[in-house]
Structure formats: structure tokens, C-alpha cells
Amino acid sequence: MSLDNKPVYTGGCQCGAVRFRVEGALSNASVCHCRMCQKAFGNFYAPLATAPEGGLTWTRGEPKRFRSSNHVLRGFCAECGTPLTFEAPDGVALAIGAFDHPEEVMPTKQWGTEGKLPYADDVPSLPGRETMADVGDASYLRTLVDYQHPDHDTETWPAEETP
Ligand SMILES: [Zn+2]
Ligand SMILES: [Zn+2]
């Protein structure tokens, strides 16, 4: 919460070159199954939430944009490729997975269902395992060093030189 009781959200890309802050309530949290969102996110669908007008600030760097249509820009980190925005004439939506606390931004609607992949609804019923349950087959996990930006703002980044 900010001083005037507005909700505050922060987030950014995987490498930390681009960070954002949102003051005010998000709206239209949704997933879009359309083919353009699949491509832009490299994913089955795009999870997006609209920032309140004037409430979005880029606090470190700024996304590079690709004009995916005459009306829409797609923002992403030029350093690491994380998809970050869907920018339309009626507002800017942010990728829910890029938020520091994506668990706080629950989608309430699906768009673009004409593009829904035939297996998209089956994913939750697939067998699942936690990451470290795989250490027997993927022994490199034992010595994994994580270079992902942490889920909070940082004074300086990278924290130290990474090879
Ligand atoms: Zn990045
Ligand atoms: Zn879409």
C-alpha cells in the first residue's frame, strides 16, 4: 500500500534490467489464448492485467517494443526477452508472471478462446513434480546458481559480477 492507501505492485523481467511499479488497482486480469498472444509470450496463452491510467512507472530501464499490429505494441526486455506488456489504445496491460507477487493477481476471464490450444485445459490434470524432485535425473540442479533478479526492487543489479 502507498501512503494514500492505494495498492502498490512491483515487478520486472527475469534479468532485472527492466523494473516497474504500479500504484492503484489492477483491472481485467485475464488470460488471452489468441494466436498473437501465444507467439508474443512463447506460451499457450498470455496472462495480463491492466494498469490504472497514469499508475505505471518504469523504475529501471524500459521495455523494447514490437508493433504486433496497427493498434498494439508488445513490450519485452531487450536483454533477456521476458514479455512485459500489451499496449493498446485503451491502456497498458502487464504480464502477470512478471509481477513480484503474481499470486496476488488472479485472472478472472479468458479472451481469444478461438485460439485455445486443444490441450490447454488438460494441463492442471497432468502428473506433476517439484523442481528438486528431478535431481536424480538432472544432477546439475545440485550446483545450480540462480542469476534471476529477486522478486523485489534492488539498489544495484547485478548484485555482483556474474560470469
Ligand atoms: Zn531482462
Ligand atoms: Zn491475445
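This section reports on the structure supplied with the text. (Residues numbered from 1 in each chain as written. Chains lettered and ligands numbered in written order. Predicted model: local features only at pLDDT ≥ 70, side-chain atom pairs only at ≥ 80, totals over all residues. Heavy atoms only, no water.)

Side note on the side chain of Glu87
For clarity, the cut-off: Each helix is a run of H or I in the DSSP string that is no shorter than four residues. Each strand is a run of E no shorter than two, and both are numbered from the N terminus. Two N or O atoms form a polar contact when they lie within 3.5 Å of each other; inside protein one atom must be a possible hydrogen donor and the other a possible acceptor, and for residues adjacent in sequence the pair counts only when both atoms belong to side chains. Here, two residues are considered to be in contact whenever any of their heavy atoms come within 4.5 Å of each other.
Tracing the sequence through the fold places Glu87 in strand β8 (residues 83-88). In this structure the side chain of Glu87 is engaged in a polar contact, spanning 2.9 Å, whose partner is the side chain of Arg65. Those residues within four positions of Glu87 in sequence are excluded, and the remaining contacts are Arg65, His71, Val72, Leu73, Gly75 and Val92.

A look at the packing of aromatic side chains
For the record, the criterion: Planes of paired rings set the category: under 30 degrees apart is stacked, over 60 is edge-to-face and the rest tilted, where pairs are Phe, Tyr or Trp rings (Trp by its six-membered ring) whose centres lie within 6.5 Å. Three exposure classes are used, based on accessible area relative to the maximum for each residue type with a 1.4 Å probe and protein chains only: buried under 20%, partly exposed in between, and exposed over 50%.
Enumeration over the complete set of coordinates arrives at 4 aromatic pairs. Ring centres of Phe20 and Trp58 lie 6.0 Å apart, and the angle between their planes is 85°; on these two criteria the pair is classed as edge-to-face. Taken together, the residues Phe20 in strand β2 (residues 19-23) and Trp58 in strand β5 (residues 56-60) connect sequence positions 38 residues apart. Aromatic pair Phe44 and Tyr119: ring centres 5.2 Å apart, planes at 75°, arrangement edge-to-face. Residue Phe44 is located in the loop between α1 (35-41) and β4 (46-50), and its partner Tyr119 is located in the segment after β10 (109-111); the two are separated by 75 residues in the primary sequence. Overall, the relative accessible area of 33% leaves Phe44 in the partly exposed class. With relative accessibility at 41%, the residue Tyr119 sits in the partly exposed group. Cluster of aromatic residues (ring-pair linked, three or more members): Tyr9, Phe20, Trp58 and Phe99.

What to know about the sheet that holds β2
The strands making up a sheet are joined through hydrogen bonds of the backbone, oriented either antiparallel or parallel. Short version of the rule: In this analysis, strands are considered paired if DSSP registers two or more bridges between them. Every axis corresponds to a line fitted to the C-alpha atoms, with the helix fit spanning only the stretch in contact, and the corresponding angles, defined between N-to-C directions, vary from 0 to 180 degrees.
Spatially, 3 strands are ordered β1-β2-β5 in an open sheet, and the strand pairing comes out antiparallel. With partners counted over all chains shown, the strands left at the sheet margins are β1 (8-12) and β5, one partner each. Taking the axes of each pair of neighbouring strands and ignoring which way they run, one obtains an average angle of 25° across the sheet. Examined bridge by bridge, β1 and β2 share 5 bridges and lie antiparallel to one another. Its bridge partner being in β2, Val8 is matched across the sheet by Glu23.

A closer look at unusual backbone geometry
Omega for the peptide link from Trp157 to Pro158 comes to 0°, which places this bond in the cis form. The topology assignment puts Pro158 in the segment after β10. The backbone of Asn28 shows a phi angle near 55°, a positive value even though the residue is not glycine. Within the secondary structure, Asn28 is located in strand β3 (residues 27-32). The class of Asn28 is exposed, set by a relative accessible area of 52%.

Description of the coordination of the zinc ion (ligand 2)
We count it as follows: Sites may look incomplete, because water is not among the atoms used; the donor set itself consists of N, O and S atoms within 2.8 Å of the metal (3.2 Å for Na, K and Ca).
With distances of 2.2 to 2.3 Å, the protein atoms coordinating the zinc ion (ligand 2) are Cys32 (SG), Cys34 (SG) and Cys37 (SG). Taken in chain order, the donor set of the zinc ion (ligand 2) reads C-x1-C-x2-C. When its relative accessible area of 16% is taken as the criterion, Cys34 is described as buried.

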